[in-house]
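# Observations on chain architecture
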Amino acid sequence: MRILLVYCHPCAESFTAAVRDTVLATLSRRGHEVHLLDLYAEGFDPVMSAEERRGYHTPGANEAPVANHLALVRWAEGLVFVHPTWWYGPPAMLKGWLERVFVPHATFRMPERGKPTVGALHHIRLIAAISTLGSPRWWWWFMGMPGRRMLLTGIGALCGLRCKRLWLGLHSMDTVTEDERRRFLAKVERVLGRI
């Protein structure tokens with residue numbers, strides 16, 4: 001499977017970088033063709049300009065500012081997001097990437113009166129998100145799991161009906177032990193090894 005691994009963390013020494021490395025190694029070992037898109041290393045600008053917003057609904061023109069990123073999304077059969085969860089959602093860099101890259105006509109059709117949005121990413125067979133979270137699991141559930149819902153439900157709705165959705169989260173990140181971190185990396189390897 002062709003997999004676009006979208007990675008988002010500003011610090012090279014972070015545990016999230018270890019998660020990225022585990023994901024990349026596991027998927028590659030399983031024979032998948034993986035393209036790593038490191039948003040911070042690339043210097044991706046998450047801010048949508050006024051000009052870009054004005055052209056947001058114009059087919060073709062709305063693709064021009066992010067054409068290379070859209071090409072990667074079109075190439076992929078699987079999308080895997082690796083990021084920390086900050087304030088219940090993905091970092092602003094990743095949220096800005098979603099806002100700028102997942103544009104109308106390219107990734108979804110605009111809704112018509114009385115009808116829902118229709119996705120245009122039917123080639124995507126897998127959408128996965130792997131994240132670290134400072135909050136305990138029960139609090140994340142109480143808050144409605146907004147980051148998970150954004151990626152797996154929101155972006156997942158643009159994909160085919162048979163698209164597999166996967167979430168792996170390491171909760172209470174600020175207080176977990178080294179052993180718990182190692183066990184989480186082993187879980188990531190085990191779960192992704194079945195893809």
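Preceding this section is the structure that the text describes.
Residues numbered from 1 in each chain as written. Predicted model: local features only at pLDDT ≥ 70, side-chain atom pairs only at ≥ 80, totals over all residues. Heavy atoms only, no water.

## Some remarks on the overall build of the protein chain
What the protein chain contains, in helices and strands, is 8 helices and 7 strands. Its C-alpha radius of gyration of 17 Å places the protein chain within 12% of the 16 Å reference for a compact globule of 195 residues. C-alpha extents for the protein chain along the principal axes are approximately 50 × 35 × 35 Å. Of all 195 residues assigned to the protein chain, the portion counted as buried reaches 48%. Nonlocal contacts in the protein chain, meaning residues at least 24 apart in sequence, comprise 80% of its contacts between residues at least 6 apart. Of the roughly 10200 Å² of accessible surface on the protein chain, 55% is carried by carbon and sulfur atoms. Once the 25 positive and 17 negative side-chain charges of the protein chain are each reduced to a mean point, those two points are 10 Å apart. (Helix = DSSP H or I, 4+ residues; strand = E, 2+ residues; numbered from the N terminus. Rg over C-alpha atoms; globule rule 2.2 N^0.38 Å. Buried < 20%, exposed > 50% of the residue type's maximum accessible area, 1.4 Å probe, protein only. Contact = heavy atoms within 4.5 Å. Areas by Shrake-Rupley, 256 points an atom, 1.4 Å probe, with all protein chains shown as cover. Lys, Arg positive; Asp, Glu negative; His and termini not counted. Charge placed at Lys NZ, Arg CZ, Asp CG, Glu CD.)

## Here we look at a nonpolar patch on the surface
On the surface, a cluster of nonpolar side chains totalling about 550 Å² of accessible area is made up of Trp138, Trp141, Phe142 and Met143. Here phenylalanine 142 shows up in helix H6 (residues 137–142). Relative accessible area serves as the criterion here: at 53%, phenylalanine 142 is assigned to the exposed category. (Patch = residues over 30% accessible without salt bridge, like charges linked within 9 Å, V, L, I, M, F, W, Y side chains within 5 Å. Salt bridge = Lys/Arg side-chain N within 4 Å of Asp/Glu carboxyl O.)

## Section: the side chain of threonine 85
Relative to the assigned elements, threonine 85 resides in strand E3 (residues 78–85). Threonine 85 sits in the buried class, given a relative accessible area of 9%.

## With respect to the environment of leucine 170
Looking at where leucine 170 falls in the secondary structure, it is placed in strand E7 (residues 164–170). For leucine 170, a relative accessible area of 9% corresponds to the buried category. Measuring from C-alpha to C-alpha, the distance between leucine 170 and leucine 133 comes to 6.0 Å, with 37 residues separating the pair along the chain. When near neighbours in sequence (up to four residues on either side) are disregarded, leucine 170 contacts Phe15, Ser131, Thr132, Leu133, Val176, Arg181 and Phe184.

## A closer look at the pairing of strand E1 (residues 2–7)
With 5 of 6 residues buried, E1 is to be regarded as a mostly interior element. Inspection of the sheet shows E1 paired to strand E2 (residues 33–38) by 6 bridges, in the parallel sense. By the bridge assignment for E2, leucine 4 is matched with histidine 35. Regarding the hand of the β-α-β motif, the stretch spanning E1, helix H1 (residues 15–29) and E2 is right-handed. Of the strand pairs in this sheet, E1 and E3 are connected by 5 bridges, and their pairing is parallel. What sits directly across from leucine 4, in E3, is leucine 79. (Pairing = 2+ DSSP bridges. Right-handed = clockwise from strand over helix to strand, strands pointing away.)

## Looking at the packing of aromatic side chains
Summed over all chains, the structure comprises 7 aromatic pairs. Ring geometry for tryptophan 87 against tyrosine 88: centres 6.1 Å apart, planes inclined by 75°, an arrangement best described as edge-to-face. Exposure remark for tryptophan 87: the relative accessible area of 79% places this residue in the exposed category. Over the aromatic face of phenylalanine 15 sits the side chain of arginine 181, whose NZ or CZ is 5.3 Å from the ring centroid. (Phe/Tyr/Trp six-rings, centres within 6.5 Å; stacked < 30°, edge-to-face > 60°. Lys NZ or Arg CZ within 6 Å of the ring centre and 35° of its normal.)

## Overview of the sheet that holds E2
Sheet architecture is open: 5 strands sit in the order E2-E1-E3-E6-E7, paired in parallel fashion. In the strand order of this sheet, the two ends are held by E2 and E7, each with one partner. Going across the sheet, the axis of each strand differs from the next one's by a mean of 15°, ignoring polarity. Relative to strand E6 (residues 126–133), E3 runs parallel, the two being bridged by 8 bridges. Paired with threonine 85 across the strands is leucine 133, a residue of E6. Across the sheet, helix H7 (residues 146–155) is in contact with E3, E6 and E7; its angle to E6 comes to roughly 175°. (Axes fitted to C-alpha atoms, helices over the stretch in contact; angles between N-to-C directions.)

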